[in-house]
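Each chain is listed here by its residues.
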Amino acid sequence: GSLLWQLGDDVSRPGQLDHFQGRDLAALVRAYASLEVLHEGLFRSVASAAQQTLTTFSTQDLQNLSWAYALAIRFGLSGEDLDIEACVDVAPR
């Protein structure tokens, strides 16, 4: 597989994203979405990690994360598979 797929596999393993901050999570999925590399495991892992730390995200982090998932879904990744609704449920209002 390609380097991006291998990296996605590695980063998707449990515990790999524990020390990532909001900007790191957003940048990671934004890069993948921008390149149309739709690594479902990576997007799912980032969504899960973001749910745990979403209240610490800056406004810019939230914008970048939202844009990345919007791109990924537009390019064919299923929002249902990613449980995007769960992320929305914990978003600060």
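The following paragraphs examine the structure supplied in this document. Only a predicted model underlies this, so the values are computations on that prediction, with no experimental measurement involved.

**Overview of the overall build of the protein chain**
In terms of regular secondary structure, the protein chain is built from six helices and zero strands. Put simply, the protein chain has 93 residues, and 38% of those count as buried.

**A closer look at a nonpolar patch on the surface**
Taken together, Leu-4, Leu-7 and Leu-35 make up a surface patch of nonpolar side chains, about 250 Å² in accessible area. Residue position: Leu-35 is located in the loop between α2 (22–34) and α3 (40–53).

**Concerning the nonpolar core**
Ranked by size, the top nonpolar core spans 23 residues in total, and within it Phe-43, Val-46 and Leu-65 carry the most contacts. Secondary-structure elements contributing two or more residues to this core are α2, α3 and α4 (59–74). Residues in contact with Leu-65, not counting those within four places in the same chain, are Ala-26, Val-29, Val-46, Ala-50, Leu-54 and Phe-57.

**Remarks on the side chain of Asp-61**
Tracing the chain through its elements places Asp-61 in helix α4. Although buried, Asp-61 forms no salt bridge, and the nearest oppositely charged side chain, Arg-23, lies 6.1 Å from it. Aside from chain neighbours lying at most four places away, what touches Asp-61 is Gly-22, Arg-23 and Ala-26.

**Let's talk about the side chain of Ser-12**
Mapped onto the fold, Ser-12 is located in the loop between α1 (3–11) and α2. There is a polar contact of 2.5 Å between the side chain of Ser-12 and the backbone oxygen of Gly-8. In this structure the side chain of Ser-12 is engaged in a polar contact, spanning 3.4 Å, whose partner is the backbone oxygen of Gly-41. If sequence neighbours within four positions are ignored, Ser-12 has contacts with His-39, Gly-41, Leu-42 and Ser-45.

So, how was this worked out
Residues numbered from 1 in each chain as written. Predicted model: local features only at pLDDT ≥ 70, side-chain atom pairs only at ≥ 80, totals over all residues. Heavy atoms only, no water. Helix = DSSP H or I, 4+ residues; strand = E, 2+ residues; numbered from the N terminus. Buried < 20%, exposed > 50% of the residue type's maximum accessible area, 1.4 Å probe, protein only. Patch = residues over 30% accessible without salt bridge, like charges linked within 9 Å, V, L, I, M, F, W, Y side chains within 5 Å. Areas by Shrake-Rupley, 256 points an atom, 1.4 Å probe, with all protein chains shown as cover. Salt bridge = Lys/Arg side-chain N within 4 Å of Asp/Glu carboxyl O. Core = buried A, V, L, I, M, F, W, Y, C linked by side-chain atoms within 4.5 Å. Contact = heavy atoms within 4.5 Å. Lys, Arg positive; Asp, Glu negative; His and termini not counted. Polar contact = N/O pair within 3.5 Å; in protein donor to acceptor, adjacent residues only side chain to side chain.

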